[in-house]
Amino acid sequence: MTSRPFSHIRRPVMACAVKSASAPTFALALGAGSARGLAHIAVLESFDELGLKPAVIAGSSMGAVVGAAYAAGMSAREIRSRTLGTLRDRAEVMAALIAARVGRLTDVLAGFGNPLLIDGERLLERLWPEAMPARFEDLRLPLIVVGTDYYGRAEAVFTEGPLAPAVAASIAIPSLMRAVKIGGRLLIDGGAVNPLPFDHLIGRADVIVAADVTGGPVPHPARSPSGFEAMFGSLQIMQAAIVAAKLKIYRPEIVVRPAVDRFRVLDFFEARAILSAAEPAKDDLKRELERHLA
């Protein structure tokens, strides 16, 4: 059974945040953006530098990966160090990708297509720290992970049960990552339906912080986009349009947009440059946090 798009989002005049008797609370939404999603690490550093922790995190696609690591108890500095350390060694990354391939000839012959398709769960097993919890219930912070029910044509939202399959589903970009089957549903990238899942946080804290890294394709002065680039650029345009439509219905108290538009979907080896580009957004975010949470 499908629902009307954004039907669960309340308008600002109707939304009632849960007011605490002590310090104000905040909830955090981390959006889709593939390599641009590494900018979420800088956003998390702002919280750590102020000694703040969100009451709950909602993540879609790359936001689910970063959000899960933070919800597990890793500091932003630890996430940065592990990310840069892993992506510094291209050979290790390529080995992890090769090891995570679906790569079965039977899949190709059966019409399932791409033999280079990546199994997201295998990839997470190789790249995540060994101490990552196996289940949502074992995380230190509540986490909401958003995927897309391919045949149901609707969101699939996970807050409990096995963690890795849910996150693998949320990052299952068609043509790159294999779809994940959970509970009889075939799941793909959460960014297809909800690239910035702040709507799942309404009423769960005094302040909602939404980190938007959707962006869109940036013109190249010397050439037109390749077919591969155009495909992912179209995905970015779609995600940005969804976010814009949601923000017309309800706008979180804080929306932070790190300046990472110039980076492409798969620019993961540009991690250091992405984090550097996101750095200026930290001071603005800290000022906003201090203003809203004072």
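Outline the pattern of salt bridges, listing residues and values.
Applying the stated rule across the entire model yields 15 salt bridges. The residue Glu49 makes a salt bridge to Lys282 at a minimum N-O spacing of 2.9 Å. Of this pair, Glu49 sits in helix H1 (residues 40-50) while Lys282 sits in helix H9 (residues 271-293), placing them 233 residues apart in sequence. A salt bridge links Glu279 to Arg80; the nearest nitrogen and oxygen atoms lie 3.6 Å apart. Pair noted here: Glu279 is in helix H9 and Arg80 is in helix H3 (residues 76-88), with a separation of 199 residues, a long-range link. Judged by its relative accessible area of 22%, Arg80 is partly exposed. Salt bridges here are not isolated pairs; linked through shared partners, they connect Glu45, Glu49, Arg80, Glu279, Lys282 and Lys286.

Lay out the nonpolar core with the relevant residues and their values.
Membership of the largest hydrophobic core comes to 69 residues, with the highest contact counts inside it found for Phe47, Leu143, Leu163, Val167 and Val209. Considering each element in turn, this core owes the most residues, nine residues, to H9.

Conventions and cut-offs
Residues numbered from 1 in each chain as written. Predicted model: local features only at pLDDT ≥ 70, side-chain atom pairs only at ≥ 80, totals over all residues. Heavy atoms only, no water. Salt bridge = Lys/Arg side-chain N within 4 Å of Asp/Glu carboxyl O. Helix = DSSP H or I, 4+ residues; strand = E, 2+ residues; numbered from the N terminus. Buried < 20%, exposed > 50% of the residue type's maximum accessible area, 1.4 Å probe, protein only. Core = buried A, V, L, I, M, F, W, Y, C linked by side-chain atoms within 4.5 Å.

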